[in-house]
Amino acid sequence: MSTDTLEAALRELSVKDVNASKHKSQAAAAPLTLHSNPPSRLKAALQPLPKPKQRAVAACRSIRVVPSAEEDEAERQSVKLVKQPAAQKLHLGMFEIGKPLGKGKFGRVYLARDRAHGFICALKVMYKNEISHHRYERQVQREIEIQTNLRHPNIVKLYGHFHDSKRIFLILEFAGKGELYKHLRREGRFAEDKAAQYIAQMAGALRYLHRKHVMHRDIKPENILVGVFGELKISDFGWSVHAPSNRRATRCGTLDYLPPEMVQPTSADRSYDERIDVWALGVLLYEFLVGEAPFEDTEVMTYRRIARGDVRVPSYVSAEARDLIHKVRERESVPMLPCNG
């Protein structure tokens, strides 16, 4: 996919963000509010359908109510037509750029503040030539479409997006305490009560995603942020996918967190479902408690250990935590501990 195709896809995504319909009566939202982006094409698929209204059982006679002249005049006086302001197009000049917050394969993230309202956010900057070079266009488009429609306290919010001739900008929720990975490296490993709180938050976020038929497919400490109150927030939806069929076959993610069905497929179509995120949750629990991933080894040995489910839990891990780790590992006896209750 070329850069021109990427720009066309972004323009298609941006139409609903920056051009308010002249035939709607709703006022245009401020550029950095939670509702600055109208629903995308995925909105209908990600949101539950409204229940149809029931017809009245008893038939009734149609009655036409004619307002009096006084009522009609009062209504005309009370209704005042207000010209709706045009939606403001987002651009880089609207923000004050601060310190860098992080760097990924395609994106650099900076602290930013909206000049008009003083709203603090994170601005993710991605270069189109890098995206095109690695043929990552579809992932970027999918990341925007999916994350725009997610609203959960343990998932980073995407408030809006825009682009220029060379870059794509994502306006993201600012997580004040940075990457969870840095906290884990600094502490070595987490106490079990802290790890339990983190895993509970992650399980709630994954339950929310899976109910919307979204697989994250790259759960790891580097893709989890810590908010100002110490709460976890899943970020980086570059490998995520909306899968109404709950089946996918693309092998992606990070080696240490890959599930056995990606490493050594057993199904005829080599497919997997949303439970791959639950496997990653078990790997995450182990890393929280031990300080390193359970299958960390040379590349060849990591593949083999994942396929065998070769997990060696240190003796200092409690029996309860050890049991949970093994339940995620033992695929035959306990099928993946679903996150949906």
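These numbers were taken from a predicted model, which means no experiment stands behind them.

Reading the values: rules and limits
Residues numbered from 1 in each chain as written. Predicted model: local features only at pLDDT ≥ 70, side-chain atom pairs only at ≥ 80, totals over all residues. Heavy atoms only, no water. UniProt positions renumbered as here; feature names shortened; annotations may be inferred. Helix = DSSP H or I, 4+ residues; strand = E, 2+ residues; numbered from the N terminus. Contact = heavy atoms within 4.5 Å. Buried < 20%, exposed > 50% of the residue type's maximum accessible area, 1.4 Å probe, protein only. Pairing = 2+ DSSP bridges. Axes fitted to C-alpha atoms, helices over the stretch in contact; angles between N-to-C directions. Arc of directions from axis to C-beta. pLDDT = per-residue confidence, 0-100. Polar contact = N/O pair within 3.5 Å; in protein donor to acceptor, adjacent residues only side chain to side chain. Phe/Tyr/Trp six-rings, centres within 6.5 Å; stacked < 30°, edge-to-face > 60°.

**Focus: the UniProt feature "binding site: ATP" (unreviewed entry) in the protein**
- Using the residue numbers shown here, the UniProt feature "binding site: ATP" (unreviewed entry) corresponds to K105, K124, E173, F174, A175, E222, N223 and D236.
- Tracing the sequence through the fold places K105 in the loop between β1 (95-103) and β2 (107-114).
- When sequence neighbours within four positions are dropped, the list of residues in contact with K105 reads E130 and H134.
- With respect to the secondary-structure elements, E173 resides in the loop between β5 (167-172) and α6 (180-187).
- With a relative accessible area of 13%, E173 lands in the buried category.
- Setting aside chain neighbours within four positions, we find E173 in contact with A122, I155, V156, K157, Y159 and K233.

**Notes on the sheet that holds β2**
- Taken in spatial order, the five strands of this open sheet run β1-β2-β3-β5-β4, and their pairing is antiparallel. The strands lining the two open edges of the sheet, one partner per strand, are β1 and β4 (158-163). The mean inter-strand angle of the sheet, taken between neighbouring strand axes irrespective of direction, is 25°.
- Across five bridges, the pairing between β4 and β5 is antiparallel. Paired with F162 across the strands is F169, a residue of β5.

**What to know about α6**
- Looking only at α6, the buried set comprises L180, H183 and L184. Down the axis of α6, the buried set is contained in an arc of 95°. They therefore lie on one face.
- Those residues of α6 hidden inside the fold are in contact with α7 (192-211), β7 (224-226), β8 (232-234) and α9 (275-290).

**Looking at the pairing of β4**
- With five of six residues buried, β4 is to be regarded as a mostly interior element.
- Linkage of β4 to β5, two consecutive antiparallel strands, is achieved through a turn of three residues.

**Some remarks on the confidence of the model for the protein**
- When the pLDDT values of the protein are averaged, the result is 78; 70% of them are 70 or greater.
- Mean pLDDT values for the elements of the protein range from 41 in helix α2 (residues 43-46) up to 98 in β8.
- Segment residues 15-67: pLDDT under 50, and 58 contacts once partners within four positions in sequence are set aside and those in other chains are kept.
- Throughout residues 331-338 the model reports pLDDT below 50, and contacts reaching past four residues in sequence, or to other chains, amount to 15 contacts.

**A short note on the environment of T302**
- As for its placement among the helices and strands, T302 is situated in helix α10 (residues 299-308).
- For T302, a relative accessible area of 1% translates into the label buried.
- Considered as a pair, T302 and D256 are 46 residues apart in the sequence and their alpha carbons are 7.1 Å apart.
- The residues touching T302, leaving out its near neighbours within four places in the chain, are L255, D256, F295, E296 and D297.
- There is a polar contact of 3.3 Å between the side chain of T302 and the backbone nitrogen of D297.

**Section: the side chain of Q147**
- Here Q147 shows up in helix α5 (residues 137-148).
- A relative accessible area of 2% places Q147 in the buried class.
- A polar contact of 3.0 Å, which involves the side chain of Q147, links it to the backbone oxygen of V156.
- Not counting residues within four places of it along the chain, the set of residues in contact with Q147 comprises V156, K157, L158, L172 and F237.

**Examining the pairing of β1**
- Pairing analysis gives six bridges linking β1 to β2, with the strands arranged antiparallel. The residue bridging F95 from the neighbouring strand is D114, located in β2.
- Hairpin connection between β1 and β2: a loop of three residues separates the two successive antiparallel strands.

**Quick word on the packing of aromatic side chains**
- Applying the stated rule across the entire model yields eight aromatic pairs.
- On the basis of an interplanar angle of 80° and a centroid distance of 5.3 Å, the ring pair of F119 and Y159 is categorised as edge-to-face. Placement of the pair is F119 in the loop between β2 and β3 (120-127) and Y159 in strand β4, with a sequence separation of 40 residues.
- An aromatic cluster is defined as three or more aromatic residues linked by ring pairs; in this entry it consists of F95, F162 and F169.

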